[in-house]
Amino acid sequence: MIKEAFWSSVYAAPQCFNQSTTRLRQLAAALILAAFCFALQPQVANAEGLGGFYIGGALGGEYADADYKKTVTHNFPNMELMSNYESDSGKGGISSIKAILGHRWDLPGQAYFSGELDFAFNLNKKVDGQLKGVDDTSSPDAPDVFPGDWDLEKNYSAGFNAKLGLSPQEDILGSGGSIYLVGGLKWADFTFDGAYDGMVALPDGTTERITGVTRKEFRAWPWLVGAGVEFGSEQNRLDLRITYSKYKFDSSSGDGLTISTAKVDHDFEISEWGVYVGYTFAIGFGLGI
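This text gives an overview of the structure that appears in the document. (Residues numbered from 1 in each chain as written. Predicted model: local features only at pLDDT ≥ 70, side-chain atom pairs only at ≥ 80, totals over all residues. Heavy atoms only, no water.)

**Quick look at the side chain of Thr243**
Moving on, step 1. Relative to the helices and strands, Thr243 resides in strand E9 (residues 236-253).
Moving on, step 2. Residue Thr243 is classed as buried on the basis of its relative accessible area, which comes to 10%.
Moving on, step 3. Residues in contact with Thr243, not counting those within four places in the same chain, are Val182, Leu224, Val225, Gly226, Glu272, Trp273 and Gly274. (Helix = DSSP H or I, 4+ residues; strand = E, 2+ residues; numbered from the N terminus. Buried < 20%, exposed > 50% of the residue type's maximum accessible area, 1.4 Å probe, protein only. Contact = heavy atoms within 4.5 Å.)

What follows is the structure, given as structure tokens:
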């Protein structure tokens, strides 16, 4: 019974499956298809400026640098707290496809302000590494962080961006071209898989090798800042954008009061550089237009 409790409650993590992923993929594809189909329809741009609603899509991705730390803690009654940790880092590209809905307000002069809603579905999406640790321990009281491969998948995100730009209306950028600064906040969904493999000493004096995979779902609120440039006419514009984002998220399980309920913490700190090439189509009407 001790072995079974150990297997089930310490290192065998809950299996979380996101059943909505397929629907979200279909929604992203439908939104982008609708944006490009709408762009093919004849529309009349706003004759007094470039303001109003616009729709579009973008392709690109982020180069992510992820720092991962795993901590195991024992907090037995009437004993000194014992804790051990290991850390690792991983880097990789995460490609994405985006659907965008925005609104632009013309400001005095050639300036403007835009608000955007975007939905991104990530394609090639894993950042991974290998966590080093001790694969054998002679004491049931010693916290142990077992080695194993890990990976972090960025599944999809949705968020709001604010743009402040200047449209010089010169030939080099086109009549609708501009340069701009952008900032935003997103809600992002991640899946983490962490393998473990090692020996553990049980309270009855025996040892047993354990192996398995911990799977967890994470939610995060990344912020971003960046800049971009648009080329094209009042209705049809090509958008090149560079962004930077840095954020953290974590999870904790167990109370550390017994061997079978060891406290295990997973902490991530991620920085991302993003590059996107997009297309926007100005509908020609909007709020206050």
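**Re the nonpolar core**
Moving on, step 1. Counting 21 residues, the largest nonpolar core has Trp150, Leu152, Phe190, Phe192, Phe249, Phe268 and Ile270 as the members making the most contacts within it.
Moving on, step 2. Per element, the largest residue contribution to this core is 4 residues, and it comes from strand E1 (residues 52-74). (Core = buried A, V, L, I, M, F, W, Y, C linked by side-chain atoms within 4.5 Å.)

**Brief notes about the environment of Tyr68**
Moving on, step 1. On the secondary structure map, Tyr68 appears in strand E1.
Moving on, step 2. Tyr68 sits in the buried class, given a relative accessible area of 3%.
Moving on, step 3. Along the backbone, Tyr68 and Leu131 are 63 residues apart, and their C-alpha atoms lie at a distance of 8.6 Å.
Moving on, step 4. Those residues in contact with Tyr68 that lie beyond four places of it in its chain are Glu86, Ser87, Asp88, Leu131, Trp150, Phe192, His266, Asp267 and Phe268.
Moving on, step 5. At 2.9 Å, the side chain of Tyr68 and the side chain of His266 are in polar contact. (Polar contact = N/O pair within 3.5 Å; in protein donor to acceptor, adjacent residues only side chain to side chain.)

**Some thoughts on empty space enclosed by the protein**
Moving on, step 1. Counted under the stated rule, the structure contains 6 cavities of 30 Å³ or more.
Moving on, step 2. Reported here for the largest cavity is a volume of approximately 190 Å³.
Moving on, step 3. Elements with a minimum of two residues in the lining of the largest cavity: strand E2 (82-106), strand E3 (111-122), strand E5 (148-166), strand E6 (178-201), strand E8 (223-232), E9 and strand E10 (263-282).
Moving on, step 4. A class-by-class count of the residues in the lining of the largest cavity yields 9 nonpolar, 7 polar and 6 charged.
Moving on, step 5. When its volume is computed, the second largest cavity comes out at roughly 110 Å³.
Moving on, step 6. Mapped by element, the contributors of at least two residues to the lining of the second largest cavity are E1, E2, E3, E9 and E10.
Moving on, step 7. Sorting elements by how many residues they give to the lining of the second largest cavity places E10 first, with 4 residues.
Moving on, step 8. The residue makeup of the lining of the second largest cavity, split by class, is 4 nonpolar, 4 polar and 5 charged. (1 Å grid on protein atoms, 1.4 Å probe; cavity = no way out; pocket = protein on both sides within 12 Å on 5 of 7 lines; lining within 4 Å. Points joined across faces, edges and corners; volume = space filled by probe spheres on them. Nonpolar A, V, L, I, M, F, W, Y, C, P; charged D, E, K, R; others polar.)

**Observations concerning the pairing of E2**
Moving on, step 1. The sheet contact formed by E1 and E2 spans 23 bridges and is antiparallel. For Thr71, the partnering residue across the bridge sits in E2 and is Tyr85.
Moving on, step 2. Of the pairings in the sheet, the one linking E2 to E3 comprises 11 bridges and is antiparallel in character. Considered in E3, the bridge of Gly102 is made with Glu116.
Moving on, step 3. Here E2 folds back onto E3, and the loop between the two strands holds 4 residues, one of which, Gly109, carries a positive phi near 75 degrees. (Pairing = 2+ DSSP bridges.)

**Quick word on a nonpolar patch on the surface**
Moving on, step 1. On the surface, Trp105, Leu107, Phe113, Leu164 and Leu287 cluster together into a nonpolar patch covering about 440 Å² of accessible area.
Moving on, step 2. As for its placement among the helices and strands, Leu107 is situated in the loop between E2 and E3. (Patch = residues over 30% accessible without salt bridge, like charges linked within 9 Å, V, L, I, M, F, W, Y side chains within 5 Å. Areas by Shrake-Rupley, 256 points an atom, 1.4 Å probe, with all protein chains shown as cover. Salt bridge = Lys/Arg side-chain N within 4 Å of Asp/Glu carboxyl O.)

**Here we look at the pairing of E5**
Moving on, step 1. Two elements, E3 and E5, share 11 bridges in a ladder whose sense is antiparallel. Considered in E5, the bridge of Ser114 is made with Lys163.
Moving on, step 2. With 6 bridges connecting them, strand E4 (residues 126-131) and E5 associate as antiparallel partners. Bridge pairing in E5 places Gly129 opposite Trp150.

**A look at the environment of Ala99**
Moving on, step 1. Structurally, Ala99 is set in strand E2.
Moving on, step 2. Here Ala99 falls in the buried class, since its relative accessible area comes to 7%.
Moving on, step 3. On a C-alpha basis, the gap between Ala99 and Leu117 in space is 8.4 Å, while along the polypeptide they are 18 residues apart.

**Concerning the side chain of Asp265**
Moving on, step 1. By secondary structure assignment, the location of Asp265 is in strand E10.
Moving on, step 2. The buried category is assigned to Asp265, whose relative accessible area is 13%.
Moving on, step 3. A polar contact of 2.6 Å, which involves the side chain of Asp265, links it to the side chain of Ser252.
Moving on, step 4. Within the structure, the side chain of Asp265 is placed 2.8 Å from the side chain of Lys263, a separation counted as a polar contact.
Moving on, step 5. Non-local contacts of Asp265, meaning those with residues more than four positions away in its chain, are made with Lys69, Lys70, Thr71, Ser251 and Ser252.

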